[in-house]
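# Remarks on the overall topology
Listed here are the chains, written in short residue letters.
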Amino acid sequence: MERFDLVVIGAGPGGYVAALEAARLGMRVAVAEKDALGGTCLNRGCIPTKTMLHTAQLAEEAAAGGEIGLCTGPVTVDLEKLQQYKNQVTSRLSEGIGQLFAKQKVTLFKGTACVEGTKTVRVYGQEQPDTLLEAEHILVATGGCPARLPVEGVDLPGVYTSDGMLFESRRFEQMVIVGGGVIGMEFASLYSALGCKVTVLEAAGSILANLDREFGQNLKMILKKRGVDIHTGAQLSAIRQADGKLCCVYEEKGAQKQAPADAVLVAVGRRPETAGLFAEPFTPAMERGRILVDEDYRTSLPGVWAIGDAIGGMQLAHLASAQGVNAVHRMLGRPAPMRTDLIPSCVYTSPEIASVGLTADEAKQKGIAVTVHKYPMSANGKTVLTRQERSFMKLVAEENTGRVLGAQLMCDRATDMIGEFATAIANKLTVEQLGCVVRPHPTYNEAVWELTRG
């Protein structure tokens, strides 16, 4: 039996960051991972989708380049080469994690882990014999997997989850995307930019229903202009196959309708990946597959902690990383250094979408009187010259004090700029204080100054 201070199960953005933080603080650390280092985010999520979106958006811009003097021949995307490039990017980043593990003396065990006791983990090895590990602390960071939709036909050939679609190099003429959340809308942007006719079926009354309502309204109009057909309040009832084609049967406004497709992407969320993780006598308190934890990420089992998608909540890589850092510090009796009440949400469509803190509606629900500052990015030079559509910034501030409470951005580089607003909220800056900083011209970021004056 090998002994460690901490065994981390899962090497995604929560697990590998926690492992490196623990090693930095002097703990002897082991990580068990059954797949490639980096988890879903690096290998089947954030990085692959953004790599493919980058190429597709460049192709879309180049195809329309004649309007700005960029003259090219017909622009095409070689999907096989794009897959190769995506794999190179993910491999490079995954190898980088391995190098960090080696540098920090984190021991990696390749295989499937099972918690057999409050201080023991068995790793069913892929590259080494099964190994029993003993540790003072066990951290579960197994992430999540695509949720399964309980309707007829989801197992048919040509029906994908986001995991499978990211490895597909075939060109589709028609695609139906079931789900208008973040994942669905990013794939809608991707495949419409690649020339595919995309139809989105969303059961809720709007796309991006969990974000500021203006995001969904604007994005729907932008994507409609690009040829994406979006149906809200549309409930999928079945997926059927006939004459080599798929057909999505759905109900909208009381009428049954059909949408043909070469491929169907089911993107209705993700669920915790915890099946088989615990030996029967050592299962912690759970609810519908997610592990229940306290404010310090302790489970009901002594010495066993859990973070990230395995515990539910906001399913974001950067949140899992922050939780991992905080859990390690709490194991050592230290204060948690990361604020997890201010987590930016990002959508990598074109234009990008990012938000942090309270929306005006959320503030109203809490009984907080606010002022809302809004700046249309159509007046921003960088936005005009890059031809961005329907872009804006919004700032929510406490009415009495002027203190910044939230921000919602829909513009190019929104995901890069949202951190400035998170910092302002965390440090209780006022609108006036945020506006007194000189920002360079011409940039998207200079619009923050204009925003504070509105």
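All residue numbers refer to positions counted from 1 along the written sequence of the respective chain. Local features in this predicted model are restricted to residues of pLDDT 70 or higher, and side-chain atom pairs are both shown and tallied only at a pLDDT of 80 or more, whereas totals for entire chains, interfaces and linings draw on every residue. The basis for every side-chain value is the complete set of heavy atoms in the structure, and neither hydrogens nor water enter the calculation.

Working definition: rings of Phe, Tyr and Trp (its six-membered ring) pair if their centres are within 6.5 Å, and the pair is stacked with planes under 30 degrees apart, edge-to-face with planes over 60 apart, and tilted otherwise. Tallying each qualifying case throughout the model produces five aromatic pairs. With a centroid separation of 6.1 Å and 85° between ring planes, the pair formed by F4 and F109 is classed as edge-to-face. On the criterion of sequence distance, the pair formed by F4 in strand β1 (residues 2-9) and F109 in strand β3 (residues 107-117) is long-range, its members being 105 residues apart. Residue F4 is classed as buried on the basis of its relative accessible area, which comes to 5%. Considering the side-chain rings of F187 and Y191, the 6.4 Å spacing of their centres and the 15° angle between planes classify their relative orientation as stacked. In this pair, F187 and Y191 both sit in helix α6 (residues 182-193), four residues apart, roughly one turn of the helix. The burial state of F187 is the same as that of Y191; both residues are buried. Among the aromatic residues, those joined into a cluster by ring pairs are Y160, F172, F187 and Y191. For helices the rule is a DSSP run of H or I covering at least 4 residues; for strands it is a run of E covering at least 2, with both sets numbered from the N terminus onward. Summary of the burial criterion: residues with accessible area below 20% of their type's maximum are buried, those above 50% are exposed, and those between are partly exposed, where the area comes from a 1.4 Å probe applied to protein chains only.

A word on the sheet that holds strand β12 (residues 245-252). If you walk across this open sheet you meet the three strands as β11-β12-β13, and the pairing is antiparallel. The sheet terminates laterally at β11 (234-242) and β13 (255-261), the two strands that pair on one side only. Taking each pair of neighbouring strands and ignoring which way they run, the sheet shows an average axis angle of 25°. Strand pairing follows a simple DSSP-based rule, namely that at least 2 bridges must link the two strands. As defined by bridge partners, β11 adjoins β12 across eight bridges and the pair is classed as antiparallel. Bridging from a neighbouring strand, L236 pairs with Y250 of β12. Each axis is a line fitted through C-alpha atoms, and for a helix only the stretch in contact is used; angles between axes span 0 to 180 degrees, taken between their N-to-C directions.

Turning next to the environment of G117. Assignment of secondary structure puts G117 in strand β3. You can call G117 buried: its relative accessible area is 6%. For G117 and L301, which are 184 residues apart along the polypeptide, the C-alpha to C-alpha distance reads 8.9 Å. Here a residue-residue contact requires only that any non-hydrogen atoms of the pair lie within 4.5 Å. Apart from the residues within four sequence positions on either side, G117 is in contact with I138 and F282.

To continue, consider helix α7 (residues 213-225). What a helix should span is 1.5 Å times the count of its residues minus one. Between its first and last C-alpha, α7 extends 19 Å over 13 residues, near the 18 Å set by a 1.5 Å rise per residue. Of all the positions in α7, only E214, F215, G216, N218, L219, I222 and L223 are classed as buried. In this fold, the buried residues of α7 make contact with α6, β10 (229-232), β20 (353-357), β21 (370-376), β22 (392-398) and β23 (404-410). Contacts described as polar in this section are N or O atom pairs within 3.5 Å, which, within protein, must combine one atom able to donate a hydrogen with one able to accept it, while residues neighboring in sequence count only if both atoms come from side chains. In this structure D212 caps α7, since a side-chain oxygen of it lies 2.9 Å from the backbone nitrogen of E214. One or two steps after α7, the chain reaches G227, where phi turns positive at roughly 95°.

This part is about the pattern of salt bridges. Any Lys or Arg side-chain nitrogen found within 4 Å of a carboxyl oxygen on Asp or Glu counts as a salt bridge. Across all of its chains, the model carries 28 salt bridges by this definition. A salt bridge links D296 to R298; the nearest nitrogen and oxygen atoms lie 3.0 Å apart. On the basis of relative accessible area, R298 is assigned to the partly exposed category, the value being 32%.

For strand β8 (residues 174-178), the buried fraction is high: four of the five residues fall into the buried class. Pairing between β8 and strand β9 (residues 197-202): five bridges, direction parallel. Directly across from Q174, in β9, lies its bridge partner K197. The definition of a right-handed crossover adopted here requires that, viewed with the strands pointing away, the path from the first strand over the helix to the second runs clockwise. Viewed along the sheet, the connection from β8 through α6 into β9 turns out right-handed. Note: β8 against strand β14 (residues 263-266), four bridges, orientation parallel. Note on β14: the bridge partner recorded for M175 is A263.

Read these as spatial facts, not as claims about activity.
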